[in-house]
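Per-entry structural report
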Amino acid sequence: MVNKLKRLNPQFKNFLKTSSKSAKRFGYNIYLVGGAVRDLLLNRPVFDLDIAVEGDAILLVRQIAKQLNEKFRRHHSFGTATLYHHGHKIDFATARKEIYPYSGSLPKVKKSFLKEDLARRDFSINAMAISLNKKNYGQLIDFYQGRQDLKNRLIRILYPESFLDDSLRILRAVRFQQRFTFKIETKTYAFMKQAIGAGALKWINPHRLRDELILFLDEPNPYRYIKKFYLLERFNFINKRIKLDKEDFKFFIRAQTAIRFYNKLVKNEKKVKYWLIFLTGILLNLSNHEAVEVVAKFGFKKDERSTIISIKKGLDKIKKLDKKLKASAIYKILSGYNQEAIIFFYAYFSRKKIRSNIIFFLKKVSGQKLKIKGKDLQKIGVESSSFMGEMLKEIFYLKLDKNLNTKRQELNEARNIIKKGG
Ligand code: ATP
């Protein structure tokens with residue numbers, strides 16, 4: 001296992017050594033835990049680290065941060081602290097035992113030790129640790145046959161009531177099963193079905209569900225995930241009226257292709273929330289009113305809500321793109337939509353003309369801006385500000401339709417408009 005730690009990049013390796021030394025000074029034991037251990041064993045890339053501390057995690061992180069001259073954030077009620085190291089997120093948590101006062105409630109946290117900390121985790125493959133302590137640095141600690149399950153490609157819960165205690169694990173089980181193309185172990189599957197039957201997904205805090213749903217839909221190529229989950233639970237937990245048919249599944253496949261195509265076509269700094277495209281696809285057969293209820297219940301952000309609703313309301317308008325149109329007409333139809341919506345429309349409509357108009361918009365129209373400003377119009381005698389706004393709009397449409405490139409051409413159009421009497 002020491003070799004597995006060697007696979008980490010030098011920044012991580014140095015960081016772990018520093019952490020290990022600091023912990024020793026406090027007399028704490030610390031361990032790498034969770035997804036990073038799993039991914040190291042699977043030879044997959046590791047981005048973020050989770051470290052369990054048998055001691056006070058916040059105190060330890062304060063010391064490490066000071067030594068490395070890094071900033072950190074602490075969360076006192078959870079006994080955790082997060083540090084960013086060369087762009088990687090490193091979470092430290094006091095090894096703890098969680099007690100669920102009642103099913104589906106937020107766990108109460110008690111200070112405790114590694115074995116109990118691992119026992120509260122979702123699946124055996126996520127419940128392994130690697131010691132970062134001098135006496136056995138790099139040694140794998142595997143109380144729940146996680147390594148065996150990785151070899152056998154199995155998702156297995158650690159105790160029968162696991163899904164009832166935290167039904168988010170139902171979404172997580174499907175997510176990991178699909179990501180690694182593993183199997184959900186037979187008994188685990190039976191417990192999962194039982195928990196679904198008992199309505200366990202309804203007991204849970206909707207905001208936690210939302211965050212897990214976003215992770216689920218944000219996996220690369222989530223079509224398979226959606227299909228699997230639909231067969232299992234039908235997204236009843238979102239709304240009982242959700243219904244997906246063959247066409248919807250075809251849409252999810254087309255959306256995956258559209259996202260790849262979009263990424264090649266548009267070099268974008270803004271982060272696109274691809275998961276929203278799939279979520280809107282799932283909510284498509286609901287009425288606008290029902291969709292509004294869903295986004296409110298789960299507390300999606302304002303921009304996310306308006307993307308979902310604007311896509312649902314916009315489908316009829318987009319049909320107008322099914323003919324040859326001037327650039328300005330295409331602009332008038334598409335300019336109010338964000339990137340998620342445009343990708344959605346491209347995937348949703350298979351009509352050639354609609355698609356080519358969308359591509360034209362992305363390639364030639366969407367980044368365009370006028371070179372002239374209001375003050376340029378003032379200089380040629382335009383005074384009223386409302387007229388100025390109208391004029392700038394008009395010149396912008398002419399710029400798109402006539403392919404104007406220079407400021408001079410734009411000013412000429414302005415003069416023509418004035419000559420014609422506005
Ligand atoms: P990813 O590769 O998607 O980041 P991860 O395994 O790192 O997956 P996180 O959601 O970051 O997943 O959680 C870190 C660890 O915390 C998991 O590996 C698991 O051990 C534990 N964990 C997370 N969510 C739960 C949960 N709902 N119930 C029990 N354990 C959980």
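Residues numbered from 1 in each chain as written. Predicted model: local features only at pLDDT ≥ 70, side-chain atom pairs only at ≥ 80, totals over all residues. Heavy atoms only, no water.

1. Observations regarding the site of the ligand
Going by this rule: When we say a residue is near a molecule or strand, we mean one of its heavy atoms is within 4 Å of it. Any N or O atom pair separated by 3.5 Å or less is treated as a polar contact, with the protein-specific requirement of one donor-capable and one acceptor-capable atom, and with residues adjacent in sequence counted only for side-chain atom pairs. Areas reported as accessible are Shrake-Rupley estimates using a 1.4 Å probe. Residue values count occlusion only from the protein chains shown. Here a helix means four or more residues in a row that DSSP labels H or I, a strand means two or more in a row labelled E, and each is numbered from the N terminus.
Arg38, Asn126, Asp166, Arg169 and Arg179 are the nearest of the 14 residues found near the ligand. For the ligand, an oxygen atom lies 2.9 Å from a polar atom in the backbone of Asn126. The contact in question runs from an oxygen atom of the ligand to an N or O atom on the side chain of Arg172, over 3.0 Å. With the chains in place, 73% of the 600 Å² that the ligand exposes on its own is no longer accessible. Of all elements in the fold, only α3 (35-41) and α8 (168-180) reach the threshold of two or more residues within the shell around the ligand. Ranked by the residues each element gives to the shell around the ligand, the list is headed by α8, at five residues.

2. Let's talk about the packing of α8 against helix α10 (residues 206-217)
For the record, the criterion: Every axis corresponds to a line fitted to the C-alpha atoms, with the helix fit spanning only the stretch in contact, and the corresponding angles, defined between N-to-C directions, vary from 0 to 180 degrees. Working rule for angles: under 35 degrees goes down as roughly parallel, over 145 as roughly antiparallel, 65 to 115 as roughly perpendicular, anything else as oblique. Only heavy atoms enter the contact rule, under which two residues are in contact if any of them lie within 4.5 Å. All amino acids are sorted into three groups, where Ala, Val, Leu, Ile, Met, Phe, Trp, Tyr, Cys and Pro are nonpolar, Asp, Glu, Lys and Arg are charged, and the leftover types, Gly among them, are polar.
Axis separation between α8 and α10 bottoms out at 10 Å; the angle between their running directions is 5 degrees. Relative to α10, α8 is oriented roughly parallel. Where α8 approaches α10, its residues Leu168, Leu171, Arg172, Val174 and Arg175 are matched on the opposing element by Arg208, Leu209, Glu212, Leu213, Leu215 and Phe216. Class assignment for the residues of the contact of α8 with α10 results in seven nonpolar, no polar and four charged.

3. Side note on the sheet that holds strand β8 (residues 129-131)
Stated precisely, the cut-off is as follows: Strands were regarded as paired on the criterion that DSSP finds at least two bridges between them.
Strands sit in the order β3-β4-β5-β2-β1-β8-β9 across an open sheet of seven strands; the sheet is mixed. The open sheet is flanked by β3 (72-75) and β9 (140-141), the only strands paired with a single partner. Where β8 meets β9, two bridges bridge the pair, whose relative direction is antiparallel. Looking at β9, one finds that Ile130 is bridged to Leu140. Along the sheet face, helix α2 (residues 10-26) touches β1 (29-33), β2 (49-54), β4 (80-85) and β5 (88-94) and points at about 25 degrees away from the line of β5. Here helix α4 (residues 57-68) sits on the sheet and contacts β1, β2, β3, β4 and β5; the angle it forms with β4, its principal contact strand, is near 20 degrees.

4. Looking at the domain arrangement of the chain
Going by this rule: For the domain bounds, the source is a domain assignment made automatically or taken from a database. For this analysis, a salt bridge means a side-chain nitrogen from Lys or Arg found within 4 Å of a carboxyl oxygen belonging to Asp or Glu.
What the domain assignment lists for the chain is domain 1 (2-152), domain 2 (156-237), domain 3 (243-365) and domain 4 (374-421). The straight-line distance from the C-alpha centre of domain 3 to that of domain 4 is 32 Å. Each partner contributes residues to the interface: domain 3 has six residues there, and domain 4 has four residues. Between domain 3 and domain 4 we count zero salt bridges in total. Taken together, the links from domain 3 to domain 4 amount to two residue pairs in polar contact (both at pLDDT 80 or more). Here the element with the most residues in the side of domain 3 that touches domain 4 is helix α16 (residues 327-334); it accounts for four residues. Taken together, the residues that form the side of domain 3 that touches domain 4 break down as three nonpolar, one polar and two charged.

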